[in-house]
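# Results of the structural survey
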Amino acid sequence: MAWLELSLIVAADRQADVEAALEDLGALAVTLLDAEDHPIFEPAPGETPMWPQIAMSALFEADSDRAGLVHVLTELVADLAPEQIGFRIVEDQDWTRVWMDQFQPMRFGRRLWIYPWNVEPPGDEPDAIVVRLDPGLAFGTGTHPTTALCLEWLDALDLAGKTVLDYGCGSGVLAIAALKLGAVRVVGVDNDPQALSASRDNAERNGVAAQLELSAPDAFVAEAFDALVANILAGPLEELAPRFAQCVKPGGTLVMSGILRGQESALCTRYAEWFDAIAVEAREDWMRISGRRRG
C-alpha cells in the first residue's frame, strides 16, 4: 500500500495552526523535524521547545486530491502559499524490518557484542559475550556514542559476582550487558514505562530476566551497589549526585554519560565530593566520566 505525503516548511510560531489544519484535512499522521540545524539537547522540565524552522510532513490516502488539499490548506492557514507545499508518493514498508536490516553486529571493548536478535553469531570467538536486542523495542542499541562509551567501560570491568545499578536503563542494553559480563544482580531504573517494558522484553530474550529488577524512580529504594552506570543527561546527573553517592559501595565504581563536551568540568567537581580517580573520556561531542567511591 502507498501513501501520499504532503510536506512544507513553517516557522515555529505557525506550527500549531498548520498541524491543526492538516488534522482537519484528515491527515493520518503528522511528523515534525528540524528544517535546519538547531539540535535540542536538554530542555528544561515542562518545556516543549521547537526548532525555529520546522519541516512538517503529513500522510494521506494515496488517491487524495492534491489540488483540493492545497486549496483547503491555504484557505485554513493565512499567508501559506501553494508553492510552499510539496507532494510525493511513499511506498509502505515494514519499518521495523528496514531498521533491523540496517542494524549490524557491533563490538565494544574486548569481548562484548551487540547483535540483532535475528542474526546468529559466527561462533568463531568462544570468549564473545553477546547481547541480543530487538531494534523495534530498543531505546538504545549501542549506536550512540554515549551508549558505546558505557558498554566499553562495562567490558573492561571485572563484574563477576557484582551488583549493578543502571539508572535510566532505556532498552536495558547496559543492564543486560552487565549481567552477561558476570554481574549477579542488576537493578534498572527509568521514568518511562515503555523503557521498562523494553528492558524486560530484551532481558527475557537474553535469558537474564530473573536477575534484572526494574523500577520507576519514585519506587526505587536506594541501596549500595558495586557499580553504577547512568547514561542520562548532565542536568539530572548534577541533581542526582548525592543519591548516586549513596548508591555506590566504598571502593565501588561509577560511570556517567549523556554529557556534552563542555559540561564535564562542573560534573567532575560535583562528584569529587564523594569519588576519587575521576577520569574523562570523549567521543565526538559526548563525554564519559568515571570514578571510584571513597570509603
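A few points on the structure. Since the structure is predicted, the reported quantities are computational estimates derived from the model, not experimental observations. (Residues numbered from 1 in each chain as written. Predicted model: local features only at pLDDT ≥ 70, side-chain atom pairs only at ≥ 80, totals over all residues. Heavy atoms only, no water.)

## Considering the packing of aromatic side chains
All chains considered together, the criterion is met by four aromatic pairs. Their ring planes at 65 degrees and their centres at 5.2 Å tell us that tyrosine 167 and phenylalanine 244 sit as a pair that is edge-to-face. One end of the pair, tyrosine 167, is in strand β8 (residues 163-167); the other, phenylalanine 244, is in helix α8 (residues 241-246), with 77 residues separating them in the sequence. Take tyrosine 167: its relative accessible area is 9%, and that puts it in the buried class. Taking the centre distance of 6.0 Å and the plane angle of 45 degrees together, the rings of tyrosine 271 and phenylalanine 275 count as tilted. Neither tyrosine 271 nor phenylalanine 275 differs from the other in exposure class; each is buried. When the ring centre of phenylalanine 275 is taken as reference, the NZ or CZ atom of arginine 293 above it lies at 5.9 Å. (Phe/Tyr/Trp six-rings, centres within 6.5 Å; stacked < 30°, edge-to-face > 60°. Helix = DSSP H or I, 4+ residues; strand = E, 2+ residues; numbered from the N terminus. Buried < 20%, exposed > 50% of the residue type's maximum accessible area, 1.4 Å probe, protein only. Lys NZ or Arg CZ within 6 Å of the ring centre and 35° of its normal.)

## Side note on the packing of helix α4 (residues 145-156) against helix α5 (residues 173-180)
Close contact between α4 and α5 brings their axes to 10 Å; oriented N to C, the two are set at 15 degrees. With respect to α5, the element α4 is oriented roughly parallel. The two elements α4 and α5 cross, and the hand of that crossing is right-handed. Contacts between α4 and α5 pair Thr147, Cys150, Leu151 and Leu154 from the former with Val173, Leu174, Ala177 and Ala178 from the latter. When grouped by side-chain class, the residues that make up the contact of α4 with α5 number seven nonpolar, one polar and no charged. (Axes fitted to C-alpha atoms, helices over the stretch in contact; angles between N-to-C directions. Parallel < 35°, antiparallel > 145°, perpendicular 65-115°, else oblique. Left-handed = near helix turned anticlockwise from the far one by under 90°. Contact = heavy atoms within 4.5 Å. Nonpolar A, V, L, I, M, F, W, Y, C, P; charged D, E, K, R; others polar.)

## Concerning the sheet that holds strand β4 (residues 86-91)
Sheet architecture is open: four strands sit in the order β2-β3-β1-β4, paired in antiparallel fashion. Of all strands in the sheet, those with a lone pairing partner are β2 (29-34) and β4, marking the two edges. On average, each strand axis in the sheet is tilted by 30 degrees relative to the strand beside it, whichever way the strands run. Here strand β1 (residues 2-11) pairs with strand β3 (residues 53-61) via nine bridges, running antiparallel. Of the residues in β3, the one forming a bridge with serine 7 is serine 57. On the sheet, helix α1 (residues 15-24) packs against β1, β2 and β3 and is oriented at approximately 5 degrees with respect to β3. (Pairing = 2+ DSSP bridges.)

## Things to note about the environment of glutamate 91
Locating glutamate 91 in the fold gives a position in strand β4. Considering only alpha carbons, one finds glutamate 91 and alanine 2, 89 residues apart in sequence, at a separation of 4.4 Å. Beyond its immediate sequence surroundings of up to four residues, glutamate 91 is in contact with Met1 and Ala2.

## Observations regarding the environment of leucine 165
Within the element layout of this structure, leucine 165 appears in strand β8. Classification of leucine 165 by relative accessible area gives buried; the value is 0%. Residues leucine 165 and alanine 227 lie 62 residues apart in sequence; the distance between their C-alpha atoms is 6.4 Å. For leucine 165, the contacting residues outside a window of four places in its chain are Val187, Val189, Phe220, Phe225, Ala227, Leu228, Val229 and Cys247.

Worth remembering: the numbers are spatial, not functional.
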